[in-house]
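# A look at the structure
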Amino acid sequence: MKWWMRPLVRLVAAILLPLVVPALITGALWALPGDPASIICPPGACDGRDALAARWGLDQGPLHFYLNWISAAATGDFGRSWTLMAGSPVYDEMVSSVPWTALLVLLALVPLVLGTVLAALGWLPKVLDYVWQLVGIAPAVILALIVAAYITITWGATFGDWRPDLAKLVLGGLVLGVADGALAGAVLGTRAVFEEEVKQRYVQIALLRGETVLANALPNVLPAMIGQMRGRVLHVLSGAVIVEVVVGIPGLGQLLWDGTMKQDFGVVLAATFAFSAFSGLLMLVQAISEIAVALYVRRSPSGVLEEAVQ
Amino acid sequence: MSTQRFRALWLAVGCALLGALICAGMLAPEFVDPPNLDHVSKDEYGSTVGGLGFFVVEGAPLGTNEYGVPLHQLALQGASIVAFPAALAGLLVMAFATFAGLVRCADVAWLDTALQAFGEITGALPRMVVVLVVALLLPYDWKYLLPIALVWAVLASPAAMDEAAASAGRLGGARFVEALRAHGFSAIRIYLYHVVWMNLRPVIVRQGAEVMMQVVFLEIALSYLALASNAPSFTHAENLNSWAELLYLGYSWILDRHLGHAVFLSFALIAVTALMAQSFRLAARAR
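Note that the coordinates shown come from a computational prediction; the quantities given were computed from them, not determined experimentally.

### Points about the overall build of chain A
Scanning chain A from N- to C-terminus turns up 14 helices and zero strands. For chain A, the α and β elements follow one another from N to C terminus as α-α-α-α-α-α-α-α-α-α-α-α-α-α. By the compact-globule yardstick of 19 Å for 310 residues, chain A is too spread out, its C-alpha radius of gyration being 24 Å. Seen through its principal axes, chain A has C-alpha atoms that stretch 90 × 50 × 30 Å. Across the 310 residues of chain A, 39% fall into the buried class. For chain A, contacts bridging at least 24 residues in sequence account for 74% of all contacts bridging at least 6.

Dropping the structure here:
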């Protein structure tokens, strides 16, 4: 397989992902038994379903609905909520929820990036691996529950205070960073990649020449490290749904959960679109990084030929 | 203790815990006992302040909730919800990992590439988001843990397949198979014994056990979120109670309800599930 094949597949997938995910949900919505409009207006509970279906673009089939929705989403219009906040624009909810999730994910990445860097530099003793593994066994829901209990006990009765919100974000981020083996994976995964690379002959020769392991191995392990980091960000995003609901952070995960419980396809479509767009962005970053690293590694070093001739 | 005995011990522990989980699921009552206010904890004014602790009242060895319902019945029902779907999800991931490892050894390039593409696609979205969308789209009659567990297993399989394929690759892939074939071994012996049993077993068993544990935790998380939202869970029927119910009861403990034993029980059940997965992992460790 040519070296550019994998990044190219990732580039294509990154572009297609935000388009395909809403298409699949729309297709499944129409494949379900019953009329999609009956979710908004259940038979026997309200009148004028046909008029409602026409107004919401549900009367002309899935393709028409999808094309309308995706073209509007491209301009920032994510349609309207079906049941959760019936009739109100989903965009407003998205605007208020995305920053919370972004902050939570960023805070969760702090222990993960620290663990990765320290493991790459070899500064974390192997003895501590058992600690990471033991902490990593704890599921996010349990740790989030402990955080929620702590916040309730400490600030339960206070209103208009910024401290509980800050505690929710910081402790929620910490939960996401360590629960379900996230930190253990970051430390052990990074160490495993470097240990494997150090066995290579070029690193051994570089060491004999007095060079460092990191400077030599890093360009070659970088694609694997970037891939691992993308996996970890997705893992954190997955856990964010649980942490946001349990701890009470009004983020995108909470919005998706509420939309799911209320069968609000308008909200679910928008939330999954946001998640898939972010996931596509991560894929794009990975593909571009892989291409950049591959070009760097393949670049012929200057002066080698002259040295060989001499 | 020799390594072999050590592994045998962990295998026995893992099997015993898995057996206990399945037996508990089979022994679970269809409906829990009706509320019994004689079996609750009351303050000096006669108001209910929680449940009774361990072995306080006959017929409820693990205590009661604040309505006097025995907690062991909730624990048994929780086991019945997770036992079969979790085991099946674990087996599915093991099958995927085995397949990927064998494909790498068989040197079928197009299938190997197809499996990598499958991994890229299924691993592209956060798992919980996919699970929620699937839960939303499931018809009402299918709102049980099994379809969600299988979806989770499919989403978790790329990591398992990658690791199994990498292990097979480190063996030498097709060259390893050729070398054994030169010794006159049959294809079944080479693939099933030398490749899968002798070399891929640690990866396959660990990944299967981890997914089994993850499905149990996923059920607890989804049911807890549903309880917190005051909505029915999409992982089980309404007559059943998840282990999340015990966690939820335990959360009331911080409000000075007498339900500390529910916290202890729910944490113990989660610890036992984790121990089961770790036991299988240690039992299958490479020599």
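### Topic: the overall build of chain B
Counting its regular elements, chain B contains nine helices and two strands. In chain B, the succession of helices and strands from N to C terminus is α-β-β-α-α-α-α-α-α-α-α. Overall, chain B is about 85 × 50 × 30 Å in size when its C-alpha atoms are taken along their principal axes. By residue count, 49% of the 287 residues in chain B fall in the buried class.

### A few points about unusual backbone geometry
Positioned with a positive phi, Gln-263 of chain A is a non-glycine residue whose angle comes to about 55 degrees. A residue is classified by how many C-beta atoms lie within 10 Å of it, and Gln-263 of chain A, with 15 of them, is partly exposed. The backbone phi angle of Asn-230 of chain B is positive, close to 60 degrees, even though this residue is not glycine. Within the secondary structure, Asn-230 of chain B is located in the loop between helix H7 (187-228) and helix H8 (243-251). Take Asn-230 of chain B: there are 7 C-beta atoms within 10 Å of it, and that puts it in the exposed class.

### Regarding the packing of helix H1 (residues 5-31) of chain A against helix H4 (residues 61-74) of chain A
Residue and element names in this part refer to chain A. Contact geometry for H1 and H4: axes closest at 10 Å, N-to-C directions at 145 degrees. Where H1 crosses over H4, the handedness of that crossing is right-handed. The segment H1 lies against H4, with Leu-19, Pro-22, Ala-23, Thr-26, Gly-27 and Trp-30 engaging Pro-62, Phe-65, Tyr-66, Trp-69 and Ile-70.

### Overview of the interface of chain A and chain B
Contact residues are listed per partner, giving 33 residues for chain A and 28 residues for chain B. Broken down by secondary-structure element, the contributors of at least two residues to the side of chain A that touches chain B are H1, helix H7 (140-155), helix H11 (213-247), helix H12 (252-261) and helix H13 (265-298) of chain A. Broken down by element, the side of chain A that touches chain B gets its largest block of residues, seven residues, from H11 of chain A. Residues that form the side of chain A that touches chain B fall into these classes: 26 nonpolar, seven polar and no charged.

### Points about H7 of chain A
Between its first and last C-alpha atoms H7 of chain A spans 22 Å; for 16 residues at 1.5 Å apiece the expected length is 22 Å, and the two agree. By the burial criterion, the buried members of H7 of chain A are Ala-140, Val-141, Ile-142, Leu-143, Ala-144, Leu-145, Val-147 and Ala-148 of chain A. The elements touched by buried residues of H7 of chain A are helix H8 (162-178) and H11 of chain A together with H7, H8 and helix H9 (260-283) of chain B.

### Examining the nonpolar core
With 167 residues, the main nonpolar core has Val-141, Ala-144 and Ile-242 of chain A as its most contacted residues. For Val-141 of chain A, the contacting residues outside a window of four places in its chain are Ile-242 and Val-246 of chain A together with Phe-217, Ile-220, Ala-221 and Tyr-224 of chain B.

### Focus on the confidence of the model for chain B
Close reading of the predicted structure is inappropriate where its pLDDT is low. All names here are of chain B. For chain B, mean pLDDT is 88; residues scoring 70 or higher make up 99% of the total. Across chain B, element-level confidence peaks in helix H2 (residues 71-106) with a mean pLDDT of 93 and bottoms out in strand E2 (residues 48-51) with 75. Overall fold confidence for the complex sits at a pTM of 0.89, while the interface term, ipTM, reaches 0.86.

### Examining the pairing of E2 of chain B
Residue and element names in this part refer to chain B. Direction of pairing for strand E1 (residues 40-42) relative to E2: antiparallel, over a ladder of three bridges. By the bridge assignment, Ser-41 is partnered in E2 with Gly-50. Turn length for the E1-E2 hairpin, with the two strands adjacent in sequence and antiparallel, is five residues, and the turn residue Gly-46 shows positive phi of about 90 degrees.

### Overview of the environment of Asp-162 of chain B
Turning to its location among the elements, Asp-162 of chain B is positioned in helix H5 (residues 145-171). For the pair Asp-162 of chain B and Ala-95 of chain B, spaced 67 residues apart in sequence, the C-alpha separation works out to 13 Å.

### Some thoughts on the environment of Gln-286 of chain A
Residue and element names in this part refer to chain A. As for its placement among the helices and strands, Gln-286 is situated in helix H13. The sequence separation of Gln-286 and Gly-227 amounts to 59 residues, and the corresponding C-alpha distance is 6.6 Å. Sequence-distant contacts of Gln-286, that is, excluding residues within four places in its chain, are made with Arg-10, Ile-226, Gly-227 and Arg-230.

### Focus on H2 of chain B
All names here are of chain B. Given a rise of 1.5 Å per residue, 36 residues ought to cover 52 Å, and the 52 Å separating the end C-alpha atoms of H2 matches this to within 8%. The largest bend in H2 is about 30 degrees, located at Val-82, with the proline Pro-85 one to four residues further on. Counting buried positions over the 36 residues of H2 gives 29, a clear majority of the element. Once H2 finishes, Asp-107 follows within two positions and takes phi at roughly 60 degrees, a positive value.

### Description of the environment of Gly-260 of chain B
Residues and elements named next belong to chain B. The topology assignment puts Gly-260 in helix H9. Under the C-beta neighbour-count criterion, Gly-260 is labelled partly exposed, with 17 such atoms within 10 Å. C-alpha separation for the pair Gly-260 and Leu-52, spaced 208 residues apart in sequence, amounts to 9.6 Å.

### Side note on the confidence of the model for chain A
Scored by pLDDT, chain A has a mean of 87; 95% of the residues are at 70 or more. Element-level pLDDT for chain A is lowest in helix H14 (residues 304-309) of chain A, with a mean of 62, against a maximum mean of 94 in helix H5 (residues 90-121) of chain A.

What counts, and at which threshold
- Residues numbered from 1 in each chain as written.
- Chains lettered and ligands numbered in written order.
- Predicted model: local features only at pLDDT ≥ 70, side-chain atom pairs only at ≥ 80, totals over all residues.
- Helix = DSSP H or I, 4+ residues; strand = E, 2+ residues; numbered from the N terminus.
- Rg over C-alpha atoms; globule rule 2.2 N^0.38 Å.
- Buried ≥ 20, exposed ≤ 12 C-beta atoms within 10 Å, placed from the backbone.
- Contact = placed C-beta atoms within 7 Å.
- Axes fitted to C-alpha atoms, helices over the stretch in contact; angles between N-to-C directions.
- Left-handed = near helix turned anticlockwise from the far one by under 90°.
- Nonpolar A, V, L, I, M, F, W, Y, C, P; charged D, E, K, R; others polar.
- Expected span 1.5 Å × (residues − 1).
- Core = buried A, V, L, I, M, F, W, Y, C linked by C-beta atoms within 7 Å.
- pLDDT = per-residue confidence, 0-100.
- Pairing = 2+ DSSP bridges.
- Bend = angle between axes of the 7 residues up to and from the residue.

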